[in-house]
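A look at the structure
If you want the building blocks of each chain, they are given just below.
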Amino acid sequence: MSRRRGPPDDADINLFRQALENAGVRRLHANRADPGQARRRDDDDALAERRAAATSADSQAPTSRTSDGRVEPVRPSEALDFAVPDLPYRTRTQLKRGNIAWEAGLDLHGYTVNDARAQLEAFLHDAHGQRWRCVLVVHGKARASQLSERDDYPVIKSHVNAWLREWPSVLAFCSAKDSDGGTGAVYVLLRRRGDAL
């Protein structure tokens with residue numbers, strides 16, 4: 001059983017304070033951290049410049065949200081399928097069956113990779129602004145005779161497969177029904193502004 005000690009007497013407190021002072025410990029007079037440097041006026045000026053540049057930047061200037069790097073090739077007849085992990089099974093099934101009506105479409109036939117990316121990004125941005133739930137993207141499925149010697153896979157289809165996975169408002173996409181383009185097109189399910197799953 002331990003004995004309860006009373007409060008320390010004044011002599012013990014004075015000895016403790018003297019030991020701290022001898023060790024170089026200083027009493028704090030403020031309840032805030034001191035980073036050790038005075039704030040320079042340059043920091044305020046730089047902050048003001050950055051803020052002005054950000055507010056004056058052209059908000060309509062397109063910024064690429066998708067990569068332009070190497071993509072994993074897909075076969076011309078391969079069915080594409082992607083969904084975010086928390087998408088309800090029923091919604092995904094409806095999309096695969098073509099039961100969610102698409103509200104707009106984009107045809108990427110004949111575009112270069114860079115042009116196709118710009119068109120797809122602009123289309124998805126517009127679709128999000130219009131609050132469309134489902135859109136159709138026709139990427140094609142280049143036949144062997146249409147492929148260059150260097151690329152032995154459908155380039156636009158492979159890139160669309162990668163780009164849609166990176167786009168923040170895309171909840172799911174899958175190859176379309178034959179009547180809407182089959183494996184040469186995808187239904188894209190979009191998150192509407194403010195929607196939560």
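A brief structural summary. (Residues numbered from 1 in each chain as written. Predicted model: local features only at pLDDT ≥ 70, side-chain atom pairs only at ≥ 80, totals over all residues. Heavy atoms only, no water.)

Here we look at a nonpolar patch on the surface
Applied cut-off: To count toward a patch, a residue needs a relative accessible area over 30% and no salt bridge; like charges are then connected within 9 Å, while nonpolar side chains (Val, Leu, Ile, Met, Phe, Trp, Tyr) are connected within 5 Å. Note that accessible areas follow from Shrake-Rupley with a 1.4 Å probe, and for residues the cover is restricted to the protein chains shown. One speaks of a salt bridge when a side-chain nitrogen belonging to Lys or Arg is within 4 Å of a carboxyl oxygen belonging to Asp or Glu. Working definition: helices are DSSP H or I runs of at least four residues, strands are E runs of at least two. Numbering for both runs from the N terminus.
Together, Phe16, Leu20 and Val25 line one region of the surface with nonpolar side chains, adding up to about 280 Å² of accessible area. Within the element layout of this structure, phenylalanine 16 appears in helix H1 (residues 10–22).

Re the pattern of salt bridges
Applicable threshold: Relative accessibility decides the category of a residue: with a 1.4 Å probe and only protein chains considered, values under 20% of the type maximum give buried, values over 50% give exposed, and everything between is partly exposed.
If you walk through the whole model with that rule in mind, you get three salt bridges. Of the charged contacts in the structure, one is a salt bridge between arginine 75 and glutamate 78, with a shortest N-O distance of 3.8 Å. Under the relative-accessibility criterion, glutamate 78 is labelled partly exposed at 26%. The salt bridge partner of aspartate 81 is lysine 96, with a shortest N-O separation of 3.0 Å. Linking aspartate 81 in strand E1 (residues 81–83) with lysine 96 in helix H3 (residues 89–97), this pair joins segments that are 15 residues apart in sequence. By relative accessible area, which is 31% here, aspartate 81 ends up partly exposed. Several salt bridges share partner residues, and in doing so they unite Asp81, Arg92 and Lys96 into one network.

Thoughts on the pairing of strand E5 (residues 185–190)
Looking along a regular strand, one sees side chains alternate from face to face of the sheet. Formally: Here, strands pair whenever DSSP counts at least two bridges between them.
Taking burial as the measure, the six residues of E5 include six buried ones, the bulk of the element. Across the two faces of E5 the burial is the same, with Ala185, Tyr187 and Leu189 and Val186, Val188 and Leu190 all buried. Where strand E3 (residues 134–138) and E5 come together, five bridges link them in antiparallel fashion. Paired with cysteine 134 across the two strands is leucine 189, which belongs to E5. Bridge count for strand E4 (residues 170–175) against E5 is five bridges, and the pairing is antiparallel. Paired with serine 175 across the strands is valine 186, a residue of E5.

Some thoughts on helix H4 (residues 113–130)
Going by this rule: For a helix, the expected span equals 1.5 Å multiplied by the residue count minus one. In this context, the arc is that of the directions from the helix axis out to the C-beta atoms. We call two residues contacting when some pair of their heavy atoms lies within 4.5 Å.
Taking 1.5 Å per residue as the helical rise, H4 with its 18 residues ought to reach 26 Å, and the 25 Å between its terminal C-alpha atoms agrees with that figure. All buried positions along H4 are accounted for by Ala116, Arg117, Leu120, Glu121, Phe123, Leu124 and Ala127. In a view along the axis of H4, the buried residues occupy a sector of 165°, so they form one face of it. For H4, the exposed residues set more than 90 degrees away from the buried face come down to Asn114, His125 and Gln130. Looking at the buried positions of H4, the neighbouring elements they touch are strand E2 (105–107), E3, helix H5 (155–166) and E5. Arginine 131 sits one or two positions beyond H4 and adopts a positive phi of about 65°.

What to know about the sheet that holds E1
Our working rule: Axis definition: a line fit to C-alpha positions, over the contact stretch in the case of helices; interaxial angles, taken between N-to-C directions, run 0 to 180 degrees.
The five strands lie next to each other as E1-E4-E5-E3-E2, forming an open sheet whose pairing is mixed. At either end of the open sheet lies a strand with only one pairing partner, and these are E1 and E2. This sheet shows a mean twist of 20° between the axes of neighbouring strands, independent of strand direction. With three bridges connecting them, E1 and E4 associate as antiparallel partners. The residue bridging alanine 83 from the neighbouring strand is alanine 172, located in E4. Contacting E2, E3 and E5, H4 runs over the sheet at an angle of about 170° to E3.

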